[in-house]
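Summary of structural features
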Amino acid sequence: MEYGGRRRVSPRMENTIRYVFDQGRHDEHERLAAMERLWDPGTRAVIDALGIQPGWHCLEIGAGRGSIARWLAETVGPEGEVLATDISTLHLDGLAAPNLEVRRHDILSDPLPSAHFDLVHARLVMEHLGRRSLERAVSAVRPGGWLVLEDHDWGGALTHPHDEQMRQVFDAVARFMSRAGYDAAYGRRLVHELERAGLDDVAADGRVRVYRGASPATTFLRLSLESMAASLIASDELAYEDLSWALATLDDPDSVFLTPMIAAWGRKPERGGGDRAPGRR
Ligand SMILES: C[S@@+](CC[C@H](N)C(=O)[O-])C[C@H]1O[C@@H](n2cnc3c(N)ncnc32)[C@H](O)[C@@H]1O
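How each quantity is defined
Residues numbered from 1 in each chain as written. Predicted model: local features only at pLDDT ≥ 70, side-chain atom pairs only at ≥ 80, totals over all residues. Heavy atoms only, no water. Helix = DSSP H or I, 4+ residues; strand = E, 2+ residues; numbered from the N terminus. Rg over C-alpha atoms; globule rule 2.2 N^0.38 Å. Contact = heavy atoms within 4.5 Å. Areas by Shrake-Rupley, 256 points an atom, 1.4 Å probe, with all protein chains shown as cover. Lys, Arg positive; Asp, Glu negative; His and termini not counted. Charge placed at Lys NZ, Arg CZ, Asp CG, Glu CD. Near = heavy atom within 4 Å. Polar contact = N/O pair within 3.5 Å; in protein donor to acceptor, adjacent residues only side chain to side chain. Nonpolar A, V, L, I, M, F, W, Y, C, P; charged D, E, K, R; others polar. Phe/Tyr/Trp six-rings, centres within 6.5 Å; stacked < 30°, edge-to-face > 60°. Buried < 20%, exposed > 50% of the residue type's maximum accessible area, 1.4 Å probe, protein only. Lys NZ or Arg CZ within 6 Å of the ring centre and 35° of its normal. Salt bridge = Lys/Arg side-chain N within 4 Å of Asp/Glu carboxyl O. Axes fitted to C-alpha atoms, helices over the stretch in contact; angles between N-to-C directions. Left-handed = near helix turned anticlockwise from the far one by under 90°.

**Some words on the overall build of the protein chain**
- The secondary structure content of the protein chain amounts to 10 helices and eight strands.
- Relative to the 2.2 N^0.38 estimate, which gives 19 Å for 281 residues, the radius of gyration of the protein chain is 19 Å and therefore close to what a compact globule would have.
- Its C-alpha atoms give the protein chain principal-axis dimensions of roughly 60 × 40 × 30 Å.
- Counted over contacts in the protein chain with a minimum sequence separation of 6, partners at least 24 positions apart contribute 79%.
- When the accessible area of the protein chain is evaluated, it comes to approximately 12500 Å², of which 51% is carbon and sulfur surface.
- Of note, the protein chain has its 34 positive side-chain charges centred 4 Å away from the centre of its 43 negative side-chain charges.

**Some points on the site of the ligand**
- Of all residues adjacent to the ligand, which total 17 residues, the nearest are G62, D86, D106, I107 and R123.
- Contact between the ligand and Q23: an oxygen atom at 3.0 Å from a side-chain N or O atom of the residue.
- Between the ligand and I107 there is a distance of 3.0 Å, counted from a nitrogen atom to a backbone nitrogen or oxygen.
- Among the elements that take part in the shell around the ligand, helix α2 (residues 28-49) stands out by supplying three residues, more than any other.
- Here the shell around the ligand is built from residues that sort into nine nonpolar, four polar and four charged.

**Structural notes on the packing of aromatic side chains**
- On inspection of all chains with the given rule, the structure shows four aromatic pairs.
- Ring geometry for W154 against Y182: centres 5.6 Å apart, planes inclined by 55 degrees, an arrangement best described as tilted. One end of the pair, W154, is in the loop between β5 (141-152) and β6 (158-160); the other, Y182, is in the loop between α6 (163-178) and α7 (186-196), with 28 residues separating them in the sequence.
- Residue W154 is classed as buried on the basis of its relative accessible area, which comes to 15%.
- By the ring-pair criterion, three or more aromatic residues cluster together here, those being W154, F170 and Y182.
- A cation over a ring is seen here: R31 above F21, with NZ or CZ 3.7 Å from the ring centre.

**Description of the pattern of salt bridges**
- Scanning the entire structure with this criterion turns up 16 salt bridges.
- The shortest N-O distance in the salt bridge between E28 and R31 comes to 2.9 Å. On the criterion of helical spacing, the pair formed by E28 and R31 is a turn pair, its members being three residues apart in helix α2.
- We classify E28 as buried; its relative accessible area is 1%.
- We classify R31 as buried; its relative accessible area is 2%.
- Here the salt bridges share partners, and the residues they tie into one network are R175, R179 and E237.

**Quick notes on the environment of R267**
- Structurally, R267 is set in strand β8 (residues 256-267).
- Overall, the relative accessible area of 27% leaves R267 in the partly exposed class.
- Sequence separation of R267 and G144 is 123 residues, and the distance between their C-alpha atoms is 5.8 Å.
- Among all residues touching R267, those that are not within four sequence positions of it are G144, G145, W146, L199, D200 and D201.
- In terms of polar contacts, R267 uses its side chain to reach the backbone carbonyl oxygen of G144, at 2.8 Å.

**Thoughts on the side chain of R123**
- Note that R123 resides in strand β4 (residues 117-123).
- A relative accessible area of 11% places R123 in the buried class.
- Within the structure, the side chain of R123 is placed 2.8 Å from the side chain of D40, a separation counted as a polar contact.
- A polar side-chain atom of R123 sits 3.0 Å from a polar atom in the side chain of T43.
- The contact partners of R123, leaving out residues within four places of it in the chain, are M35, E36, W39, D40, T43, I61, I68, E150 and M261.

**Section: the packing of α2 against helix α3 (residues 67-76)**
- Running from N to C, α2 and α3 point in directions that differ by 35 degrees, and their axes come no closer than 10 Å. Two packed elements cross with a definite hand, and for α2 against α3 that hand is right-handed. Of the residues in α3, those in contact with E36, D40, T43, R44, I47 and D48 of α2 are S67, I68, W71 and L72.
- Counted by class, the contact of α2 with α3 contains four nonpolar, two polar and four charged residues.

**Observations regarding the environment of A248**
- As for its placement among the helices and strands, A248 is situated in helix α10 (residues 240-250).
- C-alpha separation for the pair A248 and L158, spaced 90 residues apart in sequence, amounts to 16 Å.

**Things to note about unusual backbone geometry**
- For the bond from H160 to P161, the omega torsion is -10 degrees, close enough to zero to count as cis.
- The residue P161 is located in the loop between β6 and α6 in this model.
- The backbone of L124 shows a phi angle near 60 degrees, a positive value even though the residue is not glycine.
- Inspection of the secondary structure puts L124 in the loop between β4 and α4 (126-129).
- Residue class for L124 comes out buried when judged on its relative accessible area of 8%.

What follows is the structure, given as structure tokens:
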């Protein structure tokens, strides 16, 4: 699959966009925890570098298991506030702080405060949901506030050895997920998407996690593959033998995997005013 190929989501397809993973699956909590272990330190560094301060109002979209929402609440302190949203709050049950609200919320359709937040962040969400979710996230940022998005780019996902064989598996998974609107090349598109949404000072950075098979870091990939295994096979995108081979390779300590994440950020122009005065800075 050519991840760099231009992909357009037609207006008709916009209505069929959906998140492919089942939040109710028995091991989803573990899959989300594995995601957090891989990516939280880098996420915190990106947001720290933007100058997050006590008193900021933050929105965490698609909060998952909530580690970043929890960290944001600690960082902005009692004068700040954090709204953590997710289409399913099943995995956010343990999250509680006086300045933190957990809300079941669909970013594609449910109402959001307009021009309110100093920081809006979403990790591994927009690659599933596309432009409408990004535009709704932008509308929630106050003038002068920041939008930070983080998404994978499978073009930089590599395996050693057996890269070609594993790429065929990833290609099949990407084709399957793209039926629901998923974009495996979203990471590289982020800069243009943020600029197109009218943000200023747009910039981006990338980080790559490198890990062995059978290590805790492979848990995310293994559980992701396992959770869609039945649908993948039924879709005819991937043969059972190829899926079994991929899972065995993920459990092989001699395999090495590279997984990339792109973080991009931009600031909402000050002109036009907003619904809320800027947070203390
Ligand atoms: C890949 S997980 C990422 C979780 C978390 N952001 C992280 O990086 O640890 C994507 C999250 O987006 C949520 N999600 C999917 N569709 C959504 C929607 N339409 N509105 C809000 N959240 C959604 C999922 O329930 C899931 O928790």
